[in-house]
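Fold and geometry: a report
Residues per chain, in single letters:
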Amino acid sequence: MEYNFREIEQRWQSYWQQENTFRAENQSEKPKYYVLDMFPYPSGAGLHVGHPLGYIASDIYSRYKWLKGFNVLHPMGFDAFGLPAEQYAIQTGQHPALTTEENIAQYRRQLIRLGLAYDWDREVRTSDPKYYRWTQWAFLKMFDAWYDRALDKARSITELIAHFEQYGNGNLDAACNEGVEPFTAEAWRGMDETRQQLILMNYRLAYLSDTMVNWCPALGTVLANDEVKDGLSERGGHPVIRKSMKQWLLRISAYAPRLLNSLDHLDWSDSAKEIQRNWIGRSEGAVMTFEVKEPALTFDVFTTRPDTIFGCTFMVLAPESPLVKQLTTSDRQQEVEAYVTEAINRTDRERMAEVKKITGVFTGSYAVHPFTGEPIPIWVADYVLAGYGTGAIMAVPAHDSRDYAFAKHFNIPIKQVIEGDISEGAFDSKEALVINSDFITGLPVPEAIRVMNQRLEELGKGYGKVNYRLRDAIFSRQRYWGEPFPIYFKEGIPYPLPEEQLPLELPEVDAYLPTEKGEPPLGRAANWQTPEGYPLELSTMPGFAGSSAYYLRYMDPHNETALVNPEVNHYWQDVDLYIGGMEHATGHLIYARFWNKFLFDLGYICKEEPFKKLINQGMIQGRSSLVYRINNTNTFVSKGLKEQYQTTPIHVDVAMVDNDHLDIDRFMAWRPEYATAEFILENGQYLCGYEIEKMSKRFYNVVNPDDLADRYGADTLRLYEMFLGPLEQHKPWDTNGIEGVYRFIRKFWKLFFGNGDQLLLSEEEPTEAELKTLHKTIKKVQEDIERFSFNTAVSSFMICVNELSDLKCNKRAILEPLTIILSPYAPHIAEELWHLMGHTTTVAKASFPEFNPEYLVENTVEYPVSFNGKTRFKITFPAGASKEEVEAGVRAHDLTEKYTAEKPIKKVIVVPGRIINVVC
RNA sequence: GCGGAUGUGGCGUAAUUGGUAGCCGCGCCAGACUUAGGAUCUGGUGCCGAGAGGCGUGGGGGUUCGAGUCCCUCCAUCCGCACCA
């Protein structure tokens, strides 16, 4: 019987759907296992072969866990809010919900076609009000919470109010905004509501604040730091400028230490953890207070090198610092103002492009050195960032390269205080001794830092401090297609909607554009207000809002009274295996961890970290095909001959190239200008060159999984995607190679049918050789899956089928277990054969066969014999031979004399079962 | 600049603890079947060499009886962060 994958794959896909084969039960005696894919944003282009790589891997793992007796949760959903659908809506007027719906239908169809074993009953869509109700709910919980640093957890705001009523804001270690004045309990009780609300806003975990944002004029919205790459928006690549705006923020910075520390216990790749560590950016140092005599004031700087204070020869303020105004003397005013205006108005991109350009101006004021009392000039320069530390630094040119460059440029003195060479540049190593520094002279740097911090504290001039680079996350977007904020304004003060009124549904608007007043699109909605007439917030939430807790919702997706029922949450706990792209390392993965810790703090969920193990699948790159046009002609020369001409390479669609041979007729029909093209062939063929680059429409190298499923079937495609190489590695796609996998799958089929039409299954006892092949494969495949080495498992299947073909094995005792272990990889063909073998229930819920080591026992060992490390010949010994027997055998062997070249044998090394090395 | 990763045939890759380098597949070569082959099957295929043999895991050095694997150093490519004090 021919292997008819079309019929087979369709049959079992509908069977799985009808039987609900992959439904996960929220109550079970079995151990749980939660496998999660990063859910996709359903774009209009559909999937290309790179997208399903991770899905196939997680699917194999899920199916393997079922065979091992686990209750597996393996859900899929859609990250359905987002910019592309809205941009499309602006262009066409089509409601983003409609576009999104169509795209999701396309994605679903493609995923189902790959035989992916999802529990579709649990599908979530972030744009569904039943889902985003819980996104809004979590936001309200954050609005209603503050961070207690003493207990290191989030607490309800009512507890903070209770504290204020009793103690004012003294005796409190809370994460809060800069510049909150101290107040007493009496003062608090005497405040009106507006004043109280304004104070509380400084403490809330979701808070409204004037802040410098990344404003993208082209998209008409602000963006989070992780949505900006190289000064351009990640979506669309539009320029981004700095601007102060009133925005909602999430106080993720309060969680920086915990986000950093608990990374250590996660089973993630080193690079993923390292990216997060960099993003969180912990640095240990000290805050130091400097005094200014004229005008009389003090200000703080943050430094990681308090030990170098005696080398400080100038100070620098960020252009945005409010101190600049106060410290600029009248004679310097014009110059400073001009500089500050220019510096602030530059976009990030301009700022980055000019990193090497040293600019700055002197304010005219001097600070007082805290130990020597000497005056230190205060400058303004854009190499100091407003957002980090205190926006002011003490510059130590001898031991900081940026300060060094600045001092050289402006001719400021350089004073050395650490032993080392500063003739060519700053010496910034911490492995050295302090010099010229009063009471810390002679100490090694780390010790000097400790002593200095202690002294600063004694004198009340500073204290040791840990700083984090992680900024609070800007949470408003001035866009339409996102979750509305459940917030209304009463006299300009934001108040939460009552929980019972959730979800606050996204209203209809007449256009997906800002209003004439420049308000966000929701400003166009009729009656966008509470029943009492209070206006509702006009911004919507960013993309990461909906993806920050979706893994929790999958546990209990239809629950209408809670994000997740506590018992259900207790059963599923957390995600055991999470597979997705590395591009989410600083965005989604950090927000989701924060969101999870917050819900954990409030007791809604039982695990502090959401994703136990993370695997980042590598990118599948495109393999572009190139033809070579001879310059200024319409003649194309085959690759092997191109060196003889001056040519320009041109990308051609990979669909008209097979095994690097160009289909000339199709090429000529591709574009009008090629209709008259001429070709210089080699051996009667036109051979294309190739290039490995991103899979993208503009390179004409996109390969669609549907086309491959049509031609080879989903099972072959699944196997080939895994066969390509290690999951985490980037690797080029080469459609040619799929033939080999297709041959393998048909060879497997032929074990059952031969060349005829009848199932030839034999009930005979298997031979030793057959059992050895089978059990070798069971062992290898199991070990490979356990360490996520899917490519080597596929290769073991090939070896197994090659061997069984040579043995002409068609025995049930061999083929049935083989079918089970192959079923996670090639589920359709396995299900078909499983049923043909007489089973009436799914192979997906069969048991993974036990490996029996007895079948692999060998009676003899073939030792390679090497001489001084070079392998020369082989000798076979009985498996039990002792070292001495083996050595004697080698010494007595005919060939030994030849390779010792008449030198005496110094030593014979025998590694039992492995190797013999003769040293001479 | 800092941090992380990766370098093995023409190509994708394998070698789980330091123990036969190149499994499996593509491609290529030869043969069989065939009117034909871009189908199928069989065999071969790291490089140099007629052969004996020699060389060979980015380069150089080291440890070891033995190194793709461990150490030092340099180079290349990719990714992340980047005036973060």
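What comes next concerns the included structure. All values derive from a computational prediction rather than experimental measurement. (Residues numbered from 1 in each chain as written. Chains lettered and ligands numbered in written order. Predicted model: local features only at pLDDT ≥ 70, side-chain atom pairs only at ≥ 80, totals over all residues. Heavy atoms only, no water.)

1. Quick look at helix α21 (residues 705–712)
Heads up, the rule is: A simple rule labels every residue: compare its accessible area, found with a 1.4 Å probe on the protein chains alone, to the largest value its type can have, and call it buried under 20%, exposed over 50%, or partly exposed in between. Each helix is a run of H or I in the DSSP string that is no shorter than four residues. Each strand is a run of E no shorter than two, and both are numbered from the N terminus. As used here, the arc is the angular range of directions from the helix axis to the C-beta atoms. In what follows, residue pairs with any heavy atoms lying within 4.5 Å of each other are defined as contacts. Polar contacts, as used here, are pairs of N or O atoms within 3.5 Å; protein pairs need one atom able to donate a hydrogen and one able to accept it. Residues neighboring in sequence count only if both atoms are side-chain atoms.
Where α21 is concerned, the buried positions are Pro705, Asp706, Leu708, Ala709 and Tyr712. The arc enclosing the buried residues of α21, seen along the axis, measures out at 165°, which places them on a common side. Buried residues belonging to α21 abut α1 (5–19), α4 (96–113), α22 (714–723) and α23 (738–753). Two or three places before Asp706, at the start of α21, stands the capping residue Asn704, its side-chain oxygen 2.6 Å from that residue's backbone nitrogen. One or two positions beyond α21, positive phi appears at Gly713, with a value near 95°.

2. Topic: the side chain of His369
Take His369: it is sitting in the loop between β13 (361–368) and β14 (375–380). From its side chain, His369 meets the backbone oxygen of Ile309 in a polar contact 2.9 Å long. Of note is the side chain of His369, whose polar atom sits 3.0 Å from the backbone nitrogen of Phe371. Every residue in contact with His369, bar those within four places of it in the chain, is listed here: Ile309, Phe310, Glu374 and Ile376.

3. Side note on the packing of aromatic side chains
Selection criterion: Only the six-membered ring of Trp is used, alongside the rings of Phe and Tyr, when aromatic pairs are assigned; centres must lie within 6.5 Å, and planes under 30 degrees apart are stacked while those over 60 apart are edge-to-face, with the rest tilted.
Scanning the entire structure with this criterion turns up 72 aromatic pairs. On the numbers, 5.0 Å between centres and 85° between planes, the contact of Phe139 with Phe485 is edge-to-face. Remark: Phe485 occurs in the loop between β17 (473–474) and β18 (487–490) and Phe139 occurs in helix α5 (residues 129–143); sequence separation between them is 346 residues. Phe139 gets classed as buried once you look at its relative accessible area, which sits at 0%.

4. Considerations on empty space enclosed by the protein
Convention followed: In this analysis, the protein atoms alone were mapped onto a 1 Å grid. Cavities are point sets where a 1.4 Å probe fits without being able to get out; pockets are open sets with protein on both sides within 12 Å along at least five of seven lines; lining residues have an atom within 4 Å of a point. Grid points are joined across faces, edges and corners, and a volume is the space filled by probe spheres set on the points. Under the scheme applied here, ten amino acids are nonpolar (Ala, Val, Leu, Ile, Met, Phe, Trp, Tyr, Cys and Pro), four are charged (Asp, Glu, Lys and Arg), and all others, including Gly, are polar.
For the structure shown, the criterion picks out one cavity of 30 Å³ or more. Taken as a whole, the largest cavity encloses approximately 50 Å³ of empty space. In this structure, the largest cavity is lined by Tyr131, Trp134, Thr135, Ala545, Ala549, Arg553, Leu563 and Trp595. A per-element tally of the lining of the largest cavity places α5 first, with three residues. In the lining of the largest cavity, the residues fall into six nonpolar, one polar and one charged.

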